[in-house]
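One-letter residues, chain by chain:
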Amino acid sequence: MSSFSDQTRRTLILTALATAARIAASEPAAADEDQPGSDERPQKADLLVLSEGEHAGEIIRPQDLKPGGPPVRAWPKDPKTSVIRKGSRLNEVLVIRLDPAELDDETRAHAADGIVAYSAICAHAGCPVTAWVKGATDDKDVFKCVCHNSEYDPRQSAQVVFGPALRRLAALPLAIANGSLIVAATFVGKVGAQQAG
């Protein structure tokens, strides 16, 4: 005859196993990330799709973006194979619609109707850039990496405006085709953390 504590332990273990099985069944396998091309950098003509939320994987259209932000997180998607290039975190970008009149000339050259895209990986230590907040040195909203407080102005080619980062976020040039945002060229600038030394 088993004791009460043995039954409790067995119940807890079975519950934990059942929960783990449910979670594993509800999450898609890493097969998406193993598809050929999923870890390739964004390519010209790739579409942009939402990378998070209830609409993850849906194509981003210009009208989906609220003027002035906040930014949305996105992955490039190969329009021919439908492979979402999410096999590398270095492929995730921040997409935001800004007033074209606020963009400097360099930024305007990479924008599509005021919509710009930048790497979502901080150039300082490689943390994700997650905040859209009032800047420490200005009244304008900026991208912020909360790990070490680097701030980037998307109106000025994501130049560093505060914090320890030494270089701007890499820009992903955009265009609009058939009502959708597409990649116009490969990243401009280095994606990811600066080299120590």
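Residues numbered from 1 in each chain as written. Predicted model: local features only at pLDDT ≥ 70, side-chain atom pairs only at ≥ 80, totals over all residues. Heavy atoms only, no water.

Asks: Can you help me understand the overall build of the protein in this one?
Replies: Scanning the protein from terminus to terminus reveals three helices and ten strands. The helix and strand sequence of the protein, counted from the amino end, reads α-α-β-β-β-α-β-β-β-β-β-β-β. The burial tally for the protein puts 41% of its 197 residues in the buried class. In the protein, the share of contacts with a sequence separation of at least 24, taken over all contacts with a separation of at least 6, comes to 54%. Total accessible area computed for the protein in this model is approximately 10700 Å², and 54% of it derives from carbon and sulfur atoms. (Helix = DSSP H or I, 4+ residues; strand = E, 2+ residues; numbered from the N terminus. Buried < 20%, exposed > 50% of the residue type's maximum accessible area, 1.4 Å probe, protein only. Contact = heavy atoms within 4.5 Å. Areas by Shrake-Rupley, 256 points an atom, 1.4 Å probe, with all protein chains shown as cover.)

Asks: Mind showing me how you'd approach empty space enclosed by the protein here?
Replies: Where empty space is left can be seen by rolling a probe of water-molecule size over the atoms. Per the stated rule, a full pass over the model turns up two cavities of 30 Å³ or more. Considering only enclosed or pocket space, the largest cavity measures out at about 40 Å³ in volume. Forming the boundary of the largest cavity are Glu106, His110, Ser157, Arg168, Leu169, Ala171 and Val188. For the lining of the largest cavity, a count of residues per class yields three nonpolar, two polar and two charged. Each pocket or cavity is described by its volume, and for the second largest cavity that value is around 30 Å³. Considering the residues around the second largest cavity, the lining is formed by Thr107, His110, Val116, Ala117, Tyr118, Ala171 and Leu172. Contributions of two or more residues to the lining of the second largest cavity are made by helix H3 (105-110) and strand E4 (115-119). In terms of residue count, E4 provides more of the lining of the second largest cavity than any other element does, three residues in total. Taken together, the residues of the lining of the second largest cavity sort by class into five nonpolar, two polar and no charged. (1 Å grid on protein atoms, 1.4 Å probe; cavity = no way out; pocket = protein on both sides within 12 Å on 5 of 7 lines; lining within 4 Å. Points joined across faces, edges and corners; volume = space filled by probe spheres on them. Nonpolar A, V, L, I, M, F, W, Y, C, P; charged D, E, K, R; others polar.)

Asks: Can you walk me through the sheet that holds strand E5 (residues 131-134) in this structure?
Replies: For sheets, the rule is that strands pair by backbone hydrogen bonds, running either parallel or antiparallel. If you walk across this open sheet you meet the four strands as E5-E6-E7-E8, and the pairing is antiparallel. The two strands at the open ends of the sheet, each matched to only one other strand, are E5 and strand E8 (159-162). Recorded for the sheet is a direction-independent mean angle of 45° between the axes of neighbouring strands. (Pairing = 2+ DSSP bridges. Axes fitted to C-alpha atoms, helices over the stretch in contact; angles between N-to-C directions.)

Asks: Honestly, the pairing of strand E9 (residues 174-177) in this entry has me stumped. Any pointers?
Replies: Working note: regular strand, side chains alternate between the two faces of the sheet. Sheet analysis places E9 next to strand E10 (residues 180-183), joined by four bridges and oriented antiparallel. By the bridge assignment, Leu174 is partnered in E10 with Val183.

Asks: Is there a simple way to think about the side chain of Ser157 in this case?
Replies: Among the structural elements, Ser157 can be located in the loop between strand E7 (150-153) and E8. Its relative accessible area of 5% is what places Ser157 among the buried residues.

Asks: Any chance you could explain the nonpolar core here in plain terms?
Replies: Soluble globular proteins: nonpolar side chains tend toward being buried together. Counting residues in hydrophobic clusters, the biggest one holds 20 residues, and the most contacted among them are Val116, Tyr118, Val129, Phe143, Tyr152 and Leu169. Of all elements in the fold, only strand E3 (93-97), E4 and strand E6 (141-145) reach the threshold of two or more residues within this core. Ranked by size, the runner-up nonpolar core spans 16 residues in total, among them Ile60, Ala74, Leu172 and Val183. (Core = buried A, V, L, I, M, F, W, Y, C linked by side-chain atoms within 4.5 Å.)

Asks: For this particular structure, what's the right way to read the pattern of salt bridges?
Replies: Where charged atoms from two side chains of opposite charge come close, those side chains can pair. Counting across every chain of the model gives eleven salt bridges. Measuring nitrogen to oxygen at the nearest pair gives 3.4 Å for the salt bridge that ties Arg73 to Glu92. Separated by 19 residues along the polypeptide, Arg73 in strand E2 (residues 72-77) and Glu92 in the loop between E2 and E3 bring together distant segments of the chain. Here the two residues Arg73 and Glu92 agree in accessibility, since each one is buried. When the shortest N-O distance is used, the salt bridge between Glu151 and Lys144 registers 3.6 Å. Assessed through its relative accessible area of 1%, Glu151 is described here as buried. Relative accessible area serves as the criterion here: at 18%, Lys144 is assigned to the buried category. Members of the salt-bridge network, linked through shared partners, are Glu40, Asp46, Asp78 and Arg85. (Salt bridge = Lys/Arg side-chain N within 4 Å of Asp/Glu carboxyl O.)

Without other data, these values stay purely geometric and don't point to any function.
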